[in-house]
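# Summary of the model geometry
The primary structure of each chain is shown beneath.
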Amino acid sequence: MSSALSDLHPHPIVQAPMAGGASGPQLAAAVSDAGGLGFLAGGYKTADGMYQEIKRMRALTRAPFGVNLFMPQPGHADPAEIAAYRGQLAGEAAWYDAPLPEDVDDRTDDGYDAKLAILLDDPVPLVSFTFGCPAPELLAAFAAVGTRTVVTVTSAEEARTVQAAGADAVCVQGIEAGGHQGTHRDDPETDCAGFGLLPLVAQVREAVALPIIAAGGLMRGAQIAAVLAAGAEAAQLGTAFLVCPESGASPLHKRALTDPLFSRTELTRAFSGRPARGLVNRFMREHGPYAPAAYPQVHHLTSGLRKAAAEAGDPQGMALWAGQGHRLARTLPAAELVEVLVAELAEAQSALTRSAS
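Each chain has its residues counted from 1, running along the sequence as written. Where totals are concerned, whole chains, interfaces and linings use all residues; where local detail is concerned, this predicted model gives features only for residues with pLDDT of at least 70, and gives and counts side-chain atom pairs only at 80 or more. By convention in this description, side-chain values take in all heavy atoms of the structure and omit both hydrogens and water.

### Brief notes about the sheet that holds strand S4 (residues 126-130)
Quick note on the threshold: Strands are treated as partners if at least two bridges between them are detected by DSSP. To qualify as a helix, a DSSP run of H or I must reach at least 4 residues; to qualify as a strand, a run of E must reach at least 2; elements of each kind are numbered from the N terminus. Helix axes are fitted to C-alpha atoms over the stretch in contact, other axes to C-alpha atoms as well, and angles between N-to-C directions run from 0 to 180 degrees. Contacts are residue-level and defined by heavy atoms, with any inter-residue pair within 4.5 Å sufficient.
What the eight strands build is an open sheet, ordered S1-S9-S8-S6-S5-S4-S3-S2; its pairing is parallel. What marks the edges here is a single partner per strand, and that holds for strand S1 (13-15) and strand S2 (38-41). Between one strand and the next, the sheet's axes are offset by a mean angle of 25°, whatever the strand orientation. Taken together, the five bridges between strand S3 (residues 65-70) and S4 define a ladder with parallel strand orientation. Considered in S4, the bridge of Leu69 is made with Phe129. Seen against the sheet, helix H7 (residues 156-165) touches strand S5 (148-153) and strand S6 (169-173) and runs at an angle of roughly 160° to S5. Across the sheet, helix H9 (residues 221-229) touches S1, strand S8 (212-215) and strand S9 (234-237), and the angle it forms with S9 is around 135°.

Structure representation (structure tokens):
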């Protein structure tokens, strides 16, 4: 692995920062202690909430770890479209007895500046950014305090922007990935038009000289071997770790990943107003076609509905984020999963060496 990242984790395995509760200190610490790189999700938390998780993480492990931040979003959502979607969801509110908010939170920065201040004042080993690229001055400020930086990209063009800005690495996210697509520009005309992971890694490898972390549908060591052979330095897995006992994901969500009732995934704006891949359920089918491009306003609008569905034990009303490889999920403790993945990776690489000789 490139020296820009290699001293942070001996195994080329990164646990994805899954916002919404899955990627807490318990999961991240278990992965880091096993030789992978654990990540805390700073998204959807207050600055103090993020800091408290960092403190708990440091109490659990001395191993390096990362923190992920959501970049501030432009406030271009159409209030009329949000109001229309609110009307679309009236039946859901009645069914779950969960009134919709009259005015959705229109803040689009996710407490970004306050979180930056904490991370620059009390540095962590690695900070990653999703939904855009920070300014060169900010990346230089993190470098000055000894923090490595990674930016999620979904195209070679975005990767070139990141390299010019001065980040240490890119996380290349294929369209197979579960959860939100980390595109820098939220354009409804490009929904579902992203690249698969392997061709995207190849494109980015030829476009920039930065180390690549590959993300998107990866569940087995042989797949990690494939992305390493394609030019990545490490693989980032989210859905694979979602079912671990240390994950903070809902038990309903964990069970749904391998439930035959949920046979496929799709990209949808139904739950958050931004394209995100999840298991196809009733909510997605009924409301996805009407959801506006309004993130994070739609996220705030549906938050109460999603919580009420979970409390009612109804996965048909929840955001069941999942990558395309979800049926390959294995319910193993996080450290054991890292160990199994490392063994599978070694076996796959050995097989490639034997076939080449």
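Still to come is the rest of the account.
### Topic: the sheet that holds strand S7 (residues 179-180)
Taken in spatial order, the three strands make up an open sheet running S7-S11-S10, and their pairing is antiparallel. Edge positions in the sheet fall to S7 and strand S10 (265-268), since each has one partner strand and no second. The pairing of S7 with strand S11 (residues 276-279) spans two bridges and is antiparallel. The partner of His180 across the bridge, within S11, is Ala276.

### Let's talk about the packing of helix H2 (residues 47-60) against helix H5 (residues 112-121)
Filter applied, for reference: Here the angle decides the label: under 35 degrees means roughly parallel, over 145 means roughly antiparallel, 65 to 115 means roughly perpendicular, and every other value means oblique. Should the near helix be turned anticlockwise from the far one by less than a right angle, the crossing is left-handed, and should it be turned clockwise, the crossing is right-handed. Gly is put with the polar residues, along with every residue not named as nonpolar or charged; the nonpolar set is Ala, Val, Leu, Ile, Met, Phe, Trp, Tyr, Cys and Pro, and the charged set is Asp, Glu, Lys and Arg.
For the pair H2 and H5, the least separation of the axes is 9 Å and the interaxial angle reads 30°. Between H2 and H5, the angle falls in the class roughly parallel. Our pair here, H2 against H5, has a crossing hand that is right-handed. On H5, the residues that touch Ala47, Met50, Tyr51 and Ile54 of H2 are Ala114, Lys115, Ile118 and Leu119. Looking at the contact of H2 with H5, its residues break down into seven nonpolar, no polar and one charged.

### Some thoughts on the packing of H9 against helix H14 (residues 334-356)
Where H9 contacts H14, the two axes come as close as 7 Å, and the packing angle between them is 55°. One element, H9, and the other, H14, form an angle in the oblique class. Between H9 and H14 lies a crossing of right-handed hand. Facing H9, whose interface residues are Gly221, Ala222, Ile224, Ala225 and Leu228, H14 presents Leu341, Glu344, Leu345, Ala348 and Gln349. Partitioning the contact of H9 with H14 into residue classes produces seven nonpolar, two polar and one charged.

### Describing the pairing of S11
Pairing analysis gives four bridges linking S10 to S11, with the strands arranged antiparallel. Note that in S11 the partner of Leu267 across the bridge is Arg277.

### Some details on the packing of aromatic side chains
In plain terms, the rule: Pairs were defined over the aromatic rings of Phe, Tyr and Trp, the Trp ring being its six-membered one, requiring ring centres within 6.5 Å. Orientation was assigned from the angle between planes: stacked under 30 degrees, edge-to-face over 60, tilted for the rest. Exposure classes here rest on a 1.4 Å probe applied to the protein chains alone. A residue is buried below 20% of its type maximum, exposed above 50%, and partly exposed in between.
Enumeration according to the criterion identifies six aromatic pairs in this entry. Ring centres of Phe70 and Phe131 lie 4.9 Å apart, and the angle between their planes is 40°; this geometry places the pair in the tilted category. Pair noted here: Phe70 is in strand S3 and Phe131 is in the loop between S4 and helix H6 (136-144), with a separation of 61 residues, a long-range link. Judged by relative accessible area, which is 2%, Phe131 ranks as buried. With a centroid separation of 5.4 Å and an interplanar angle of 70°, the aromatic rings of Phe131 and Tyr295 are classed as edge-to-face. Placement of the pair is Phe131 in the loop between S4 and H6 and Tyr295 in the loop between helix H12 (282-287) and helix H13 (297-311), with a sequence separation of 164 residues. Just as Phe131 is buried, Tyr295 falls in that class too. Each member of the aromatic cluster is reached from another via a ring pair, and the members are Tyr44, Phe70, Phe131 and Tyr295.

### Section: the pairing of S9
Worth spelling out the cut-off: Consider the strands pointing away from the viewer: the crossover is right-handed when the path from the first strand over the helix to the second runs clockwise.
The two faces of S9 match: Ala234 and Gln236 on one face and Ala235 and Leu237 on the other face are all buried. In this sheet, S9 lies alongside S1 in parallel orientation, the contact comprising three bridges. Along S9, the bridge assignment pairs Ile13 with Ala235. Once the chain exits S8 it traverses H9 before rejoining the sheet at S9, and the crossover so formed is right-handed.

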